[in-house]
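Tertiary structure, described
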Amino acid sequence: MKGKIVLEEHVTTPLNNSLWDASGEAARNGKAYMENVDKRLLETEQRIADMDSSGIATSVISLTSPGAQSLLDVNQAVDFARQTNDYITEHYVGKHPQRLKAFATVALQSPRAAADELERAVKQHGMLGALINGYTNIGDNNTAQYLDEQPVWEFWDKVAQLNVPVYLHPREPLPSQRRLYEGYPSLVGSAWGFAHETATHAIRLMLSGLFDRYPNLTIILGHLAEGLPLMLPRLEHRLNMQREGVGLGNAEKPVSHYFSNNFYLTTAGHFHTKGLLDSISEIGVDRVLFSADYPYESMHTASEWFDKALISENDRIKIGRTNAARLFNL
Ligand code: ZN
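Note that the structure is a prediction, hence the values are computed from the model and not measured.

**Description of the overall build of the chain**
Along the backbone of the chain there are 15 helices and ten strands. In terms of overall size, the chain behaves like a compact globule, its C-alpha atoms giving a radius of gyration of 19 Å where 330 residues would be expected to give roughly 20 Å. Taking the principal axes of its C-alpha atoms as reference, the chain extends roughly 60 × 50 × 45 Å. The buried share of the chain, reckoned over its 330 residues, is 54%. Residue pairs in contact within the chain that sit at least 24 positions apart in sequence constitute 80% of those at least 6 positions apart. Accessible area of the chain: about 14200 Å², with a carbon and sulfur share of 52%. Distance from the positive charge centre (31 side chains) to the negative charge centre (39 side chains) of the chain: 4 Å.

The structure is reproduced here in structure tokens:
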């Protein structure tokens, strides 16, 4: 399929590389793999060549995880977000404006500053929304602020006004909460821990009442919504049975309502037709978007699977291109 749009595609910046200690990732993911990833995160021409040979017209790029979310100092995080958005605009999007678009980096260490930076990034740089790498550390790396928590609603207020999507991207669980993975370090990240962390974060959003207050919010989840299409029906069933109906938390409606009305999902890093068909049947084909997760995944692997997946040609065009074009007004 030609003309595809992908939207969980990552870059880095010299500033991010200077602050981020990648030794843990190299140990967990393998040195050769991470060397290849690190090289591709910083350059553009190989990316464009891979897009050309995979039938991908447009990549929506974003800073790789954990980005601003892991910076402990509030002022440093706020400044980092601004510099990152300027760098991505000048050095990546600006060089290929027809092929590359971007999600903004925001620093929720200050929800007010994150709101202002999102507005600047959208209005001045033409960014399409924000990509947030899970919870935010504030002060030390064992603290977390999740996106449903009260201080963050000031940020959501701006997101609702701007009416742009937020991509909720994974990060690794808090260092103090990894007992479950002890002895199996390869499970902490993308192989397993990412999905557990991010699916639970998304459920927190659904139960918080956020979508009752701001019904137009749009959250995008990668990796076929981190398993939620399969797990959400059981979650809803059990919440209904628990604690005389108070299992719904602060939300007015069942979780399936928010999933169907406030969420999109992408195929990033999850190239499996049975999972795709289950996702389509839970959320509807209009809310499913093709993506690769480059350079952690290969655009060729993603496209070879997707272009031949056993779905209708109408669905392939929607998932591969027109759903994203509609969502982002491209
Ligand atoms: Zn990713």
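**A word on the nonpolar core**
With 78 residues, the main nonpolar core has Leu118, Phe155, Trp156, Met206 and Leu228 as its most contacted residues. At six residues, helix H7 (residues 153-162) tops the list of elements feeding residues into this core. Setting aside anything within four residues of it in sequence, one finds Leu228 in contact with Ala199, Ala202, Ile203, Met206, Leu221, Pro233 and Phe259.

**A word on the coordination of the zinc ion**
Tetrahedral metal sites with four donors have an ideal angle of 109.5 degrees; octahedral sites with six donors have ideal angles of 90 or 180 degrees. For the zinc ion, the full set of protein donor atoms is Glu8 (OE), His10 (NE2), His169 (NE2) and Asp293 (OD), and the range of their distances to it is 2.0 to 2.3 Å. Each of the four donor atoms around the zinc ion contributes to a set of angles spanning 87 to 176°, which defines the coordination as irregular. Taken in sequence order, the residues that donate to the zinc ion follow the motif E-x1-H-x158-H-x123-D. Note that His10 is positioned in strand E1 (residues 4-11) and Asp293 in the loop between strand E10 (288-289) and helix H14 (299-308), a separation of 283 residues in sequence. The pair His10 / Asp293 is uniform in exposure class, with both members buried.

**What about helix H15 (residues 313-327)?**
Compared with an ideal rise of 1.5 Å per residue, which puts 15 residues at 21 Å, H15 spans 20 Å between its outermost C-alpha atoms and is within 8% of the ideal. For H15, the principal kink sits at Ile319 and spans about 50°. All of the buried residues in H15 are Asp315, Arg316, Ile319, Gly320, Asn323, Ala324, Ala325 and Leu327. Following H15 by one or two positions, Asn329 has its phi on the positive side, about 55°.

**Section: the packing of aromatic side chains**
Ring pairs (aromatic) are described by centroid distance and by the angle formed between their planes. Tallied over the full model, the rule gives twelve aromatic pairs. Ring centres of Phe103 and Tyr167 lie 6.0 Å apart, and the angle between their planes is 65°; on these two criteria the pair is classed as edge-to-face. One end of the pair, Phe103, is in the loop between strand E3 (100-102) and helix H6 (111-125); the other, Tyr167, is in strand E7 (residues 166-169), with 64 residues separating them in the sequence. Like Phe103, the residue Tyr167 is buried in the burial classification. Plain terms: the ring middles of Phe259 and Phe263 are 5.9 Å apart, the flat faces sit at 35° to each other, and that makes the pair tilted. On the basis of relative accessible area, Phe263 is assigned to the buried category, the value being 0%. In this structure an aromatic cluster arises from ring pairing among Phe211, Tyr258, Phe259 and Phe263.

**A short note on the sheet that holds strand E2 (residues 56-63)**
The strand order E1-E2-E3 describes an open sheet built from three strands, whose pairing is parallel. Of all the strands in the sheet, just E1 and E3 have a single pairing partner and so form its edges. Put simply, the sheet's adjacent strands are angled 30° from each other on average, direction ignored. Judged from the six bridges that link them, E1 and E2 form a sheet pairing that is parallel. From the neighbouring strand, Ile5 faces E2, where its bridge partner is Thr58.

**Here's the deal with H14**
Three or more residues of H14 are buried, namely Met299, Ala302, Ser303, Trp305 and Phe306. All buried residues of H14 fall inside an arc of 165° around its axis, so they share one side. Residues of H14 that are exposed and angled more than 90 degrees away from the buried face: Glu304 and Lys308. The elements touched by buried residues of H14 are E1, helix H4 (45-54), E2, helix H13 (273-283) and H15. Capping the start of H14, Ser298 holds a side-chain oxygen 3.0 Å from the backbone nitrogen of His300, two or three residues further along.

**Digging into the pattern of salt bridges**
On inspection of all chains with the given rule, the structure shows 17 salt bridges. For the salt bridge of Arg82 with Glu117, the shortest nitrogen-to-oxygen distance reads 3.9 Å. With a gap of 35 residues between them, Arg82 in helix H5 (residues 74-91) and Glu117 in helix H6 connect regions that are remote in the sequence. Here Lys158 makes a salt bridge to Glu119, at a shortest N to O gap of 2.9 Å. With Lys158 in helix H7 and Glu119 in helix H6, the pair connects residues that are 39 residues apart, well separated along the chain. Of the residues examined, Lys158 reaches a relative accessible area of 10% and is grouped as buried. One connected set of salt bridges, linked through shared partners, spans Arg82, Asp86, Glu117 and Arg120.

Rules used in this analysis
- Residues numbered from 1 in each chain as written.
- Predicted model: local features only at pLDDT ≥ 70, side-chain atom pairs only at ≥ 80, totals over all residues.
- Heavy atoms only, no water.
- Helix = DSSP H or I, 4+ residues; strand = E, 2+ residues; numbered from the N terminus.
- Rg over C-alpha atoms; globule rule 2.2 N^0.38 Å.
- Buried < 20%, exposed > 50% of the residue type's maximum accessible area, 1.4 Å probe, protein only.
- Contact = heavy atoms within 4.5 Å.
- Areas by Shrake-Rupley, 256 points an atom, 1.4 Å probe, with all protein chains shown as cover.
- Lys, Arg positive; Asp, Glu negative; His and termini not counted.
- Charge placed at Lys NZ, Arg CZ, Asp CG, Glu CD.
- Core = buried A, V, L, I, M, F, W, Y, C linked by side-chain atoms within 4.5 Å.
- Donors = N, O, S within 2.8 Å, 3.2 Å for Na, K, Ca; no water.
- Tetrahedral: all angles 85-135°; square planar, octahedral: opposite > 155°, others 65-115°.
- Expected span 1.5 Å × (residues − 1).
- Bend = angle between axes of the 7 residues up to and from the residue.
- Phe/Tyr/Trp six-rings, centres within 6.5 Å; stacked < 30°, edge-to-face > 60°.
- Pairing = 2+ DSSP bridges.
- Axes fitted to C-alpha atoms, helices over the stretch in contact; angles between N-to-C directions.
- Arc of directions from axis to C-beta.
- Polar contact = N/O pair within 3.5 Å; in protein donor to acceptor, adjacent residues only side chain to side chain.
- Salt bridge = Lys/Arg side-chain N within 4 Å of Asp/Glu carboxyl O.

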